[in-house]
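Residue-level listing of the chains:
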Amino acid sequence: DLFGGSKDMIQSTSKSNGWIQNTEADEDEDEMDVVDDDEDEDDEDEEEEDRPVGNHLLVDIHGVDRGLLESEEKLKDIILQLVEEKHDFHLKYVYSHRAPRGGNVLIGGVSKRKHHVWLHSWPDEGVVTLDMFGARSSNFFTIVPEVERVFGATAQNKTEASDTTIRWAHKPRGFHDSLSEAEKNELADLHWFPAGVMLDYKKEVASTQSPFQQISIWDVMTPDRGTLGSYQRSLSNDHSYESLHPELFEPDRIVFLDGLLQSRRVGDAAYHEALVHPTLFAHPNPRRVAIIGGGEGATLREVLKHNTVEEVVMIEIDEVMVNFSREFLSEWSNCSDLAGRADSCFEDPRTTLYCEDAFRWFKDHFSKPLSQESGELFDVIIMDALDPQGLQDIVEALYTDDEFYQALFNGLSSDGILISQVGEGSWSDDPFYALGEDRHYGSFLKGLKSLGFYKITNYIEGGCGFFSPWGFVVASKQQNTLEDLWFQNEALINLKIRQRLVPTKQGDSPLFFFDGATMQTYQYPTRIDELLHCRNPVMPKNCRLGHGYDPSVGNVPLPEVLKSVQRDDENFCLHLNTPADSYVGLEALVHSVFMEPATIQVLAKSNKQSGAIDIWSEAAFS
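1. Focus on the overall build of the chain
Part 1 of the argument: Looking only at helices and strands, the chain has 23 helices and 24 strands in total.
Part 2 of the argument: By residue count, 45% of the 622 residues in the chain fall in the buried class.
Part 3 of the argument: Once local pairs closer than 6 in sequence are excluded, the contacts in the chain between residues at least 24 apart make up 67%.
Part 4 of the argument: When the accessible surface of the chain is split by element, carbon and sulfur atoms take 50% of a total near 33,000 Å².

2. Concerning the state of the cysteines
Part 1 of the argument: Throughout the structure, instances matching the rule amount to 1 disulfide.
Part 2 of the argument: There is a disulfide in this structure between Cys335 and Cys345, and the S-S distance comes to 1.9 Å. Looking along the S-S bond of the Cys335-Cys345 disulfide, the torsion reads about 100°, which is the right-handed sense. Remark: Cys345 occurs in the loop between α11 (319–328) and β16 (351–354) and Cys335 occurs in the loop between α11 and β16; sequence separation between them is 10 residues.
Part 3 of the argument: Looking at Cys335, the relative accessible area reads 0%, which means it is buried.

3. Some thoughts on helix α4 (residues 143–150)
Part 1 of the argument: Among the 8 residues that make up α4, 6 are buried, leaving the element largely enclosed by the rest of the structure.
Part 2 of the argument: Among the residues of α4, those classed as buried are Ile143, Val144, Glu146, Val147, Glu148 and Val150.
Part 3 of the argument: Positioned one or two residues after α4, Gly152 has a phi angle of 80°, which is positive.

4. Structural notes on the sheet that holds strand β19 (residues 455–461)
Part 1 of the argument: Overall, mixed pairing links the 7 strands, which are arranged β16-β15-β14-β17-β18-β20-β19 in an open sheet. Looking at which strands have only one partner, the edges of the open sheet turn out to be β16 and β19. The mean inter-strand angle of the sheet, taken between neighbouring strand axes irrespective of direction, is 15°.
Part 2 of the argument: Strand direction decides the pairing type here: strand β14 (residues 288–293) and strand β17 (residues 378–384), joined by 5 bridges, are parallel. Looking at β17, one finds that Ile291 is bridged to Ile382.
Part 3 of the argument: In this fold helix α15 (residues 439–451) packs onto β18 (412–424), β19 and β20 (470–476), with an angle of close to 10° to the strand it touches most, β20.

5. Structural notes on the nonpolar core
Part 1 of the argument: Leu57, Leu119, Phe151, Val303, Ile382 and Trp486 are the most contacted members of the largest nonpolar core, which totals 79 residues.
Part 2 of the argument: With 7 residues, the single largest contributor to this core is helix α9 (residues 268–282).
Part 3 of the argument: Excluding its chain neighbours within four sequence positions, the residues that come into contact with Phe151 are Ile61, Val64, Leu68, Leu69, Leu75, Ile78, Leu119, Val128 and Thr164.
Part 4 of the argument: Listed in part, the 31 residues of the second largest apolar core include Ala407, Phe409, Phe444 and Ala475.

6. Focus: the packing of aromatic side chains
Part 1 of the argument: All chains considered together, the criterion is met by 25 aromatic pairs.
Part 2 of the argument: Each ring, one from Phe324 and one from Phe328, has its centre 4.8 Å from the other, and the planes form 55°; the classification is tilted. In this pair, Phe324 and Phe328 are both assigned in helix α11, 4 residues apart and thus about one turn of the helix distant.
Part 3 of the argument: The class of Phe324 is buried, set by a relative accessible area of 11%.
Part 4 of the argument: Between Trp361 and Phe378 the ring centres are 6.4 Å apart and the planes differ by 45°, which places this aromatic pair in the tilted class. Of this pair, Trp361 sits in helix α12 (residues 358–366) while Phe378 is found in strand β17, placing the two residues 17 residues apart along the sequence.
Part 5 of the argument: Taking relative accessible area as the criterion, Trp361 reaches 6% and is therefore assigned buried.
Part 6 of the argument: Its relative accessible area of 0% is what places Phe378 among the buried residues.

7. Here's the deal with the pairing of strand β5 (residues 93–98)
For a regular strand, side chains alternate in direction, first toward one face of the sheet and then toward the other.
Part 1 of the argument: Burial runs high along β5: 6 of the 6 residues are buried.
Part 2 of the argument: Going residue by residue along β5, you find Tyr93, Tyr95 and His97 tucked away on one face and Val94, Ser96 and Arg98 tucked away on the opposite face as well.
Part 3 of the argument: Pairing analysis gives 6 bridges linking β5 to strand β6 (residues 105–110), with the strands arranged antiparallel. Bridged to His97 within β6 is Leu106.

8. Digging into the environment of Ile61
Part 1 of the argument: Assignment of secondary structure puts Ile61 in strand β4 (residues 53–62).
Part 2 of the argument: For the pair Ile61 and Phe151, spaced 90 residues apart in sequence, the C-alpha separation works out to 8.0 Å.
Part 3 of the argument: Each residue touching Ile61, except ones within four places of it in the same chain, is listed here: Gly126, Val127, Val128, Val147, Phe151, Thr164, Thr165 and Ile166.

9. So, the pattern of salt bridges
Part 1 of the argument: As enumerated under the stated definition, the model contains 17 salt bridges in all.
Part 2 of the argument: With a closest N to O distance of 3.0 Å, Glu70 and Arg66 form a salt bridge. Here the residue Glu70 and the residue Arg66 both occupy positions in helix α2 (residues 66–70), the gap between them amounting to 4 residues, near one helical turn.
Part 3 of the argument: Overall, the relative accessible area of 32% leaves Glu70 in the partly exposed class.

10. Digging into a nonpolar patch on the surface
Part 1 of the argument: The grouping of Leu558, Leu562, Val565, Phe572 and Leu574 at the surface amounts to a nonpolar patch, some 470 Å² of accessible area in total.
Part 2 of the argument: Among the secondary structure elements, those contributing two or more residues to the nonpolar patch are α21 (558–563) and β23 (572–574).

11. Looking at the environment of Leu574
Part 1 of the argument: Relative to the elements of secondary structure, Leu574 occurs in strand β23.
Part 2 of the argument: Between the C-alpha atoms of Leu574 and Lys563, which are 11 residues apart in sequence, the distance is 9.0 Å.

12. Describing the pairing of β20
Part 1 of the argument: Of all 7 residues in β20, 7 are buried; the element is thus mostly enclosed.
Part 2 of the argument: In β20, alternate side chains face the same way, and those of Trp470, Phe472, Val474 and Ser476 on one face and Gly471, Val473 and Ala475 on the other are all buried.
Part 3 of the argument: Where β18 and β20 come together, 6 bridges link them in antiparallel fashion. Opposite Ile417, over in β20, you have Ser476 as the bridge partner.
Part 4 of the argument: Both β19 and β20 contribute to a ladder of 7 bridges, which runs antiparallel. In the strand pairing of β20, Ile456 is matched with Ala475.

Procedures and definitions
Residues numbered from 1 in each chain as written. Predicted model: local features only at pLDDT ≥ 70, side-chain atom pairs only at ≥ 80, totals over all residues. Heavy atoms only, no water. Helix = DSSP H or I, 4+ residues; strand = E, 2+ residues; numbered from the N terminus. Buried < 20%, exposed > 50% of the residue type's maximum accessible area, 1.4 Å probe, protein only. Contact = heavy atoms within 4.5 Å. Areas by Shrake-Rupley, 256 points an atom, 1.4 Å probe, with all protein chains shown as cover. Disulfide = S-S within 2.5 Å. Pairing = 2+ DSSP bridges. Axes fitted to C-alpha atoms, helices over the stretch in contact; angles between N-to-C directions. Core = buried A, V, L, I, M, F, W, Y, C linked by side-chain atoms within 4.5 Å. Phe/Tyr/Trp six-rings, centres within 6.5 Å; stacked < 30°, edge-to-face > 60°. Salt bridge = Lys/Arg side-chain N within 4 Å of Asp/Glu carboxyl O. Patch = residues over 30% accessible without salt bridge, like charges linked within 9 Å, V, L, I, M, F, W, Y side chains within 5 Å.

Below you can see the structure in the form of structure tokens.
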């Protein structure tokens, strides 16, 4: 009675077959088959797999044929077909159980190598669930399409709604601290979302292994972006709102590189417009632009929207990624709606594509400074490469290679600008940049400063479709570039959008996200960036002194001062004991005044020309 049960319910172990079977007599029908009685398995392989890690596949299907779900033999055959023929998953035992009245059927199997599979059916409801676990690094992605086929889940086509609904999740299980860095990469974004989440619709569109990375493309429907029903109506011809506007209800298309989320349809415009347009509008006349990475073609698409651009040089190491994107991500590089541009951005005459190593390309071309009249320098260089928080070895090289960054600096014109995406934005409880996961980002900022970039600033965008706001860093070689043009007001930015961007063939703006109001949110770093800047082990002076005001210095209130004033016929005399260097009447002297940076520049120039005291100098605000 230790566990609160009667003796009649105690279960006994059958040594002959290794199963725990209920000894209570009831009407349920149980059957156990020994599929493979060979005890001689490879002990060395078993030891290799004997770690507390594995993968778990869960599948729920509704709308399955009742006759199939009632047949124990058919369900047994399905299990053997799925796990042995398709996944080399050899079962030791297969067990079946039928409920006496409800008609439920439970079919299960286990292998000696710590694998198991179970099917549980409800014939009356047309529902079946699959539960499959594989030790170590078993990957069951390839089984999902076969499960769909076997149970009729792929009977639908793109013009008809299906009565079959399938939800599945593929989850890493166990404790992964013992895994190598390469194995941990396999547990990246893709395995948490969408693979690890039960969704009404998700499907791997295509996948391939290039010489440099694993490329995976998925279509996904999430509850916050719509329902499976609305998507199915958008494929019909019933004149519903969904069928008249199918582009609003299509699944989100997501790109993963080595399991890391790279780009997605719902964040395409926000990410790529935030990466490209703030910098190009901050340059007075961007004619020659370089792109490092950006294999999908969307960064190229945004650059080609500027009518000042005469040439875009794109250096992408992975030619497979470029060709794969042309086939499965064609809208990312679609320039067909832009007036005067080729249908494919890759085919536009302004585009020069090199499928080469960008490290080597820039070092070969710009190892030494070139003349400003050479014609080979770039007005803007855009880095759309790996995130600095990544675990790959190439990440460290990308963000710490001094020769590469010197070549980037040399490759810019005298008023050139470098813009780079820098991965996930910081959180308020993060340590200083040089520590933790952002150490490569810290090295990147330090390197830019040492190269001689006059102005460096950063900004974030929260609508890129990633799991956190995304960060960007801008560095200019010339003083006025980021001091004047970066701080243009909303109206000037909107005017430039009309003047400098190529319209659509319908005469509309080619932008979906960026405008003057959005630019205002990029002009200053966030409060979080200020906090992290001041967490430097060697605290910067401006963090100690504040914004021109020292809170450690005392202030004598003005009413107290006035009470202490004595006056005779000719003089005023103050009788007040105050600490040295105190502020006097600070509360009456300091007022908040907001002016656009451009206004301050105008006042400073005006004062200088008139010979007035330059109260607008940098020293006045330090």
